[in-house]
Amino acid sequence: MLLFSLVGCVHGPLPSAQDGVALGLAREPVERLRFDGHQIFYPGSLRLEARRLAQALQRCRTPISFAGKEASFRLFLIHPGFENAYMESGPTWPDSIVMPANLLRASGPLTGRSPNALGVVACHEAIHARQFAQRQGPWGKLESLTGFKVNTQGATESWFIEGLATAFEAGVGRPWSRREAPYWFSAFAAHMAHGSGPSSAALSPYYPGLLEFGSDYLSGGNFVHWLAETSGRGTLGDFVDEQARALVPVMGTGLRFRQHFGASAETLFRRFVADWRRKHPPRSRPAKQKVLIPRVGLWARLARSPRSGLLALYSKGLDGPARLQLLDDEGRVIRSRRVFALV
């Protein structure tokens, strides 16, 4: 069991990926673009997008230094329309990034991102590849001798893995990371202003309050960025390096974190929340504003008719079916029906 936990992947191995991945590469001749020790595989019709990605990845210079080797990865740019990009890291095959060309086609307009801004997403995945390439001490020697790669970083938990990539996914001088984009920033700020403030449970990917936005990404990204500001960016790299040297990486991660950052993640997260609230004090609602719908739940979409003033509300919660409601300008439900889930 210990061996299996050491070689676990960031995500499932490439053969178990979505069926559309192989199909997206089989529909037309595949070309390859090499740069800086990396490779991009893409259908010929995506040649321009592949070149843009290569340029974006060359600009992806994260301010975190690791003692181990630099990552070398393959990126598969494909046609299928699933809304996800991910990095595969396995014990015997090269690290691979899978990215649909239309990744931001649906979510881009909603979040304020351009559907063509795939560079930030590629930079995010490349940071994963850099972190998971770190194997030092006995694990580095094992890789050098046999080519077998041990996952030393998985035990740092999702909030640190995704948080590190989210904190620096914008690279140098490029906007629209999840920390700066208005859609993501507003969602996180609204949650931080609620009640007495979230606990370290907000770092969990299953935290209800930020489930739609990816709590390990949003909470983790802002928390890791705060750690870089308060403890130094070098401390983040030192922690990753210490984890890479650990004889049993899946044990003692919390102690190693405390050793480098001076306190537990829970204690530091409370300090982070207090510091955030000092810099971003909650604002009172203007007296002339009227709350029509106190809570719309998760995965909600709202539209208003400029002519009649009627509201159309689509909502889908955790414990009920998706519903589409028609409301008047006072927030009263005129009609409601169950619908198929859109997300």
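Presented here is an overview of the structure given in this document. (Residues numbered from 1 in each chain as written. Predicted model: local features only at pLDDT ≥ 70, side-chain atom pairs only at ≥ 80, totals over all residues. Heavy atoms only, no water.)

1. With respect to the packing of aromatic side chains
One pass over the structure, following the stated rule, counts 20 aromatic pairs. Centroid distance Phe41 to Phe76: 5.4 Å. Interplanar angle 15 degrees. Geometry classified as stacked. Separated by 35 residues along the polypeptide, Phe41 in strand S2 (residues 38–43) and Phe76 in strand S3 (residues 73–78) bring together distant segments of the chain. Judged by centre distance (6.1 Å) and plane angle (20 degrees), the ring pair of Phe223 and Trp226 falls under stacked. A residue pair is termed a helical-turn pair when its members lie 3 or 4 positions apart in one helix, as Phe223 and Trp226 do in helix H9 (residues 215–231) at three residues. Residue classification places Phe223 among the buried positions, given a relative accessible area of 0%. In this structure Trp226 comes out as buried when scored by relative accessible area, which is 10%. (Phe/Tyr/Trp six-rings, centres within 6.5 Å; stacked < 30°, edge-to-face > 60°. Helix = DSSP H or I, 4+ residues; strand = E, 2+ residues; numbered from the N terminus. Buried < 20%, exposed > 50% of the residue type's maximum accessible area, 1.4 Å probe, protein only.)

2. Examining the nonpolar core
Among the nonpolar cores identified, the biggest contains 38 residues, and Phe223, Leu236 and Phe272 are the most heavily contacted of them. Those elements that place two or more of their residues in this core are helix H5 (118–132), helix H7 (158–167), helix H8 (182–192), H9, helix H10 (233–245), helix H11 (253–261) and helix H12 (265–279). Considering every element that reaches this core, the biggest residue donor is H9, with six residues. Every residue in contact with Phe272, bar those within four places of it in the chain, is listed here: Phe188, Met192, Asn222, Phe223 and Trp226. Counting residues in each nonpolar core, the second largest holds 26 residues, with Ile40, Leu103, Phe132 and Ile161 among its members. (Core = buried A, V, L, I, M, F, W, Y, C linked by side-chain atoms within 4.5 Å. Contact = heavy atoms within 4.5 Å.)

3. What about the sheet that holds strand S7 (residues 311–315)?
Spatial ordering of the open sheet is given by S6-S7-S8-S9, a layout of four strands whose pairing is antiparallel. Of all the strands in the sheet, the pair left with one neighbour each is strand S6 (301–304) and strand S9 (333–338). Ignoring strand direction, the axes of neighbouring strands in this sheet form an average angle of 15 degrees. Relative to S9, strand S8 (residues 323–327) is paired through five bridges, and the arrangement is antiparallel. (Pairing = 2+ DSSP bridges. Axes fitted to C-alpha atoms, helices over the stretch in contact; angles between N-to-C directions.)

4. As for the state of the cysteines
Enumeration according to the criterion identifies one disulfide in this entry. Between the sulfur atoms of Cys60 and its disulfide partner Cys123 the distance amounts to 1.9 Å. Here Cys60 and Cys123 share a disulfide; its torsion about the S-S bond, 65 degrees, makes the bridge right-handed. Separated by 63 residues along the polypeptide, Cys60 in the loop between helix H3 (47–59) and S3 and Cys123 in helix H5 bring together distant segments of the chain. Under the relative-accessibility criterion, Cys60 is labelled buried at 12%. Taking the relative accessible area as the measure of exposure, Cys123 reaches 0% and is therefore buried. (Disulfide = S-S within 2.5 Å.)

5. Notes on unusual backbone geometry
We note that Asp36 has phi near 50 degrees; this positive angle belongs to a residue other than glycine. Tracing the chain through its elements places Asp36 in the loop between strand S1 (30–35) and S2. You will see that Glu157, though not glycine, has its phi angle at about 80 degrees, which is positive. Turning to its location among the elements, Glu157 is positioned in the loop between helix H6 (137–146) and H7.

6. As for the sheet that holds S1
The strand order across the open sheet formed by five strands is S1-S2-S3-S5-S4, and the pairing between neighbours is mixed. Each edge of the open sheet carries a strand with a single partner, namely S1 and strand S4 (86–88). Neighbour-to-neighbour, the strand axes of this sheet turn through a mean angle of 20 degrees, independent of strand direction. Relative to strand S5 (residues 95–100), S4 runs antiparallel, the two being bridged by three bridges.

7. Here we look at the environment of Glu157
Under the relative-accessibility criterion, Glu157 is labelled partly exposed at 49%. Considering only alpha carbons, one finds Glu157 and Leu203, 46 residues apart in sequence, at a separation of 9.5 Å.

8. A short note on the packing of H9 against H12
Direction vectors running N to C along H9 and H12 enclose 90 degrees, while the axes themselves pass 10 Å from each other. On the basis of the axis angle, H9 is roughly perpendicular to H12. Together, Asn222, Phe223, Trp226, Leu227 and Glu229 of H9 and Ala265, Leu268, Phe269, Arg271, Phe272, Asp275, Trp276 and Lys279 of H12 make up the contact between the two elements. Along the lines of polarity and charge, the residues of the contact of H9 with H12 split into eight nonpolar, one polar and four charged. (Parallel < 35°, antiparallel > 145°, perpendicular 65-115°, else oblique. Nonpolar A, V, L, I, M, F, W, Y, C, P; charged D, E, K, R; others polar.)

9. Brief notes about the pairing of S2
Burial analysis of S2 places six of its six residues in the buried class, which makes it a mostly covered element. Here S2 shows no split at all, with His38, Ile40 and Tyr42 on one side and Gln39, Phe41 and Pro43 on the other all buried. As judged from the six bridges shared by S1 and S2, these two strands associate in the antiparallel manner. The residue bridging Arg32 from the neighbouring strand is Phe41, located in S2. Linking two consecutive strands that pair antiparallel, namely S1 and S2, is a turn of two residues; a positive phi of about 50 degrees is found at Asp36 within it. Across three bridges, S2 lies against S3 in parallel orientation. When the sheet's bridge partners are listed, Phe41 is paired in S3 with Phe76.

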